[in-house]
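# Summary of the model geometry
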Amino acid sequence: MTAWDIEGRRPGTVGACIYCGKISDSLEKEHIIPYGLKGQWVLPSASCRKCAQITSRFERNVLRDWLLPARAALHCPTRRPGKRPKRFPVFMTRAGVEKEIQVPIEEYPTVIPMWVFDLPGYLTGNSGSELKAIGASFITIGTISTEELTNKYGANAGIRITHQPYTVAQFIAKIAYGFSVAQFGLRNIQEAYVLPGILGVSNDLGQWVGCDQMRKLGAAKDYHSFEISTNRNEIVTRVKLFSQFDTPEYVVCVGRL
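What you are looking at is a predicted structure, and each value in this text was computed from that prediction instead of being measured.

So, about a nonpolar patch on the surface. Taken together, Leu119, Tyr122 and Leu123 make up a surface patch of nonpolar side chains, about 250 Å² in accessible area. Among the structural elements, tyrosine 122 can be located in helix 3 (residues 121–124). With relative accessibility at 34%, the residue tyrosine 122 sits in the partly exposed group.

And the structure:
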């Protein structure tokens with residue numbers, strides 16, 4: 001079972017589901033970073049239908065909710081271009097009365113919202129740590145600000161961004177795990193710490209996913225940056241989405257070789 005050569009981008013085949021280990025002739029290809037985020041890396045024959053349904057569920061939530069305006073503003077690909085919204089909600093408040101209006105993406109104060117997590121419990125020695133969001137980073141990428149909208153409409157303008165931190169942690173953990181499989185091969189990963197959290201059979205991703213407040217990764221020609229390191233056979237992956245912007249970097253303790 002050989003994985004993809006990331007640097008050379010030579011497609012191989014995994015031949016087993018990277019999540020449950022199932023061997024089948026009907027395995028699906030697995031995008032390490034979703035197609036909807038301009039992901040270029042693919043693991044062929046790497047996910048069974050059942051596991052694909054699990055991972056697709058939280059990926060859809062992230063892509064169609066958390067990151068939808070950013071994807072539209074950055075012209076990220078979509079398999080359903082006809083269903084991508086052309087207008088997005090802005091909330092206007094005048095004299096204490098709030099009203100929702102829909103504006104085109106050109107007038108929407110688009111941001112890339114990123115949860116900022118505490119360090120993974122595994123790195124701090126805090127066994128059983130729950131995922132802890134200690135803040136959020138909002139990177140402005142729109143061509144108009146809420147202040148400009150306020151001036152234009154004569155009312156206080158704002159947007160609402162709501163999303164569950166744990167779903168985002170699953171999303172990041174899946175990306176880090178996919179990169180690790182591509183780098184080392186599925187057979188060489190003796191234990192994948194993040195798998196139960198990715199599949200939703202545990203809620204322990206606070207042990208394995210977090211942020212260290214550092215910026216080590218630069219911009220990448222492929223839109224997103226990553227770095228894999230090992231220490232005593234343990235895999236630690238850094239993931240930076242939208243790396244051309246000053247986005248937070250996520251640290252993921254993936255597993256053990």
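The next thing to look at is the state of the cysteines. Here a disulfide denotes a covalent bond joining the sulfur atom of one cysteine to the sulfur atom of another. Overall, the coordinates contain zero disulfides when judged by the stated rule. Free of any disulfide, cysteine 17 has its nearest neighbouring cysteine sulfur in cysteine 20, separated by 3.7 Å.

Right, let's talk about the pairing of strand 4 (residues 97–104) for a bit. With eight bridges connecting them, strand 3 (residues 87–94) and strand 4 associate as antiparallel partners. Residue pairing in the sheet places phenylalanine 91 in a bridge with glutamate 100 of strand 4.

Before going further, it helps to spend a moment on the confidence of the model for the chain. With 95% of its residues at a pLDDT of at least 70, the chain reaches an overall mean of 89. Scored below 50 in pLDDT, residues 1–11 makes 34 contacts in the model with residues more than four places away or belonging to other chains.

On to the pattern of salt bridges, then. Proximity of charged atoms lets side chains of opposite charge pair with each other. Applying the stated rule across the entire model yields 10 salt bridges. A salt bridge links glutamate 249 to lysine 240; the shortest N-O distance between them is 3.9 Å. Here the two residues glutamate 249 and lysine 240 agree in accessibility, since each one is buried. Salt bridges sharing common partners tie together Asp212, Arg238, Lys240 and Glu249.

Before going further, it helps to examine the pairing of strand 11 (residues 234–240). Of all seven residues that make up strand 11, six are buried, and the element is covered over most of its length. Inspection of the sheet shows strand 10 (residues 225–231) paired to strand 11 by seven bridges, in the antiparallel sense. Note on strand 11: the bridge partner recorded for serine 229 is valine 236. Judged from the six bridges that link them, strand 11 and strand 12 (residues 250–256) form a sheet pairing that is antiparallel. Within the sheet, the bridge partner assigned to arginine 238 lies in strand 12 and is valine 251.

Spanning 20 residues, helix 5 (residues 165–184) covers 29 Å between terminal C-alpha atoms, matching the ideal 28 Å at 1.5 Å per step. With 16 of 20 residues buried, helix 5 lies mostly within the body of the structure. Glycine 185 sits one or two positions beyond helix 5 and adopts a positive phi of about 90°.

Rules of the game
Residues numbered from 1 in each chain as written. Predicted model: local features only at pLDDT ≥ 70, side-chain atom pairs only at ≥ 80, totals over all residues. Heavy atoms only, no water. Patch = residues over 30% accessible without salt bridge, like charges linked within 9 Å, V, L, I, M, F, W, Y side chains within 5 Å. Areas by Shrake-Rupley, 256 points an atom, 1.4 Å probe, with all protein chains shown as cover. Salt bridge = Lys/Arg side-chain N within 4 Å of Asp/Glu carboxyl O. Helix = DSSP H or I, 4+ residues; strand = E, 2+ residues; numbered from the N terminus. Buried < 20%, exposed > 50% of the residue type's maximum accessible area, 1.4 Å probe, protein only. Disulfide = S-S within 2.5 Å. Pairing = 2+ DSSP bridges. pLDDT = per-residue confidence, 0-100. Contact = heavy atoms within 4.5 Å. Expected span 1.5 Å × (residues − 1).

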